[in-house]
Amino acid sequence: MIMKQNKFGRLVYLSIELVERPAIKLMGYATSKAALNSLSNSVAVENGMYGITSNIITPGPTDTELNHHVAEIYNNDPSLVRDHFIIPGMAPSEAIGDTVVMLCKNPHLTAQNIFVDNGYQRKYIIPRAKLK
């Protein structure tokens, strides 16, 4: 209500790539994020006339302590990082924060889903040349 009265607002939601690439035993979590994505798009459509934007950031595997733990489970296999991203490596956590700032500053971006994932989401659509 306050955003409508002020004719200004920025909503940024964090989603997950499981919406696009489902994984075993994560159906409930992925479904909840799919609903969040739909909510964000509906909020954008219904509130754009009030200067309110609504966007989604979908981080890929990010260089965090949790993902370092996951890498340890897979014996730090370098192919996990090399072969799954267009740009090798995981995005730093600051990349997510930078994207939030960009979305909040730009009044012309709404109803968008920004993937901050070093190309992970598109890896199998746009093949990357093998490094030698």
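Each remark here, short or long, concerns the structure printed above.
S.K.: Quick one: what's the story with the side chain of Thr62, residue by residue and with numbers?
M.R.: Here Thr62 is to be found in strand β3 (residues 62-63). Judged by relative accessible area, which is 8%, Thr62 ranks as buried. From its side chain, Thr62 meets the backbone oxygen of Gly60 in a polar contact 2.8 Å long. What Thr62 contacts, discounting residues up to four positions off in sequence, is Asn67, Met90, Ala91, Pro92, Ser93 and Ile96.

S.K.: I'd like a description of the environment of Ser38, backed by residues and values.
M.R.: For Ser38, the location among the structural elements is in helix α2 (residues 27-47). Judged by relative accessible area, which is 42%, Ser38 ranks as partly exposed. As a C-alpha pair, Ser38 and Ile56 span 18 residues in sequence and 10.0 Å in three-dimensional space.

S.K.: Any chance you could break down the nonpolar core for me, citing the residues and the numbers?
M.R.: If you look at the biggest cluster of nonpolar residues, it comprises six residues: Ile57, Ala91, Ala95, Ile96, Leu103 and Val116. Residue contributions to this core peak at three residues, all from helix α5 (residues 93-105).

S.K.: Provide a residue-level description of the pairing of strand β2 (residues 52-59), including the pertinent values.
M.R.: Within β2, eight of the eight residues are buried, leaving the element largely enclosed by the surrounding structure. Neither face of β2 is exposed, since Ile52, Ser54, Ile56 and Thr58 on one face and Thr53, Asn55, Ile57 and Pro59 on the opposite face are all buried. Inspection of the sheet shows strand β1 (residues 9-14) paired to β2 by six bridges, in the parallel sense. Of the residues in β2, the one forming a bridge with Leu11 is Ser54. The parallel pair β1 and β2 is bridged by α2, and the resulting crossover is right-handed. With four bridges joining them, β2 and strand β5 (residues 113-116) adopt parallel strand pairing. Among the inter-strand pairings, Pro59 is bridged to a residue of β5, identified as Val116.

Calculation notes
- Note that residues are indexed from 1 along each chain, following the sequence as it is written.
- Totals for whole chains, interfaces and linings use all residues, but because this is a predicted model, local features are given only for residues with pLDDT of at least 70 and pairs of side-chain atoms are given and counted only at 80 or more.
- The side-chain numbers reported here are obtained from all heavy atoms of the structure, hydrogens and water having been left aside.
- Helix and strand assignments follow DSSP, with helices taken as H or I runs no shorter than four residues and strands as E runs no shorter than two, numbered in order from the N terminus.
- Think of it in three bands: residues with accessible area under 20% of the maximum for their type are buried, residues over 50% are exposed, and the middle band is partly exposed, with areas taken using a 1.4 Å probe on protein chains only.
- Throughout this description, a polar contact denotes any pair of N or O atoms lying within 3.5 Å of each other; where both atoms belong to protein, one of them has to be capable of donating a hydrogen while the other can accept it, and for residues adjacent in sequence the pair is counted only when both atoms sit in side chains.
- Here a residue-residue contact requires only that any non-hydrogen atoms of the pair lie within 4.5 Å.
- We define a nonpolar core as any set of buried Ala, Val, Leu, Ile, Met, Phe, Trp, Tyr and Cys residues linked to one another through side-chain atoms lying within 4.5 Å.
- Here a strand pair is declared whenever DSSP counts at least two bridges between the two strands.
- With the strands pointing away from the viewer, any crossover whose connection runs clockwise from the first strand over the helix to the second is right-handed.

Any functional reading would require information beyond the geometric quantities listed.
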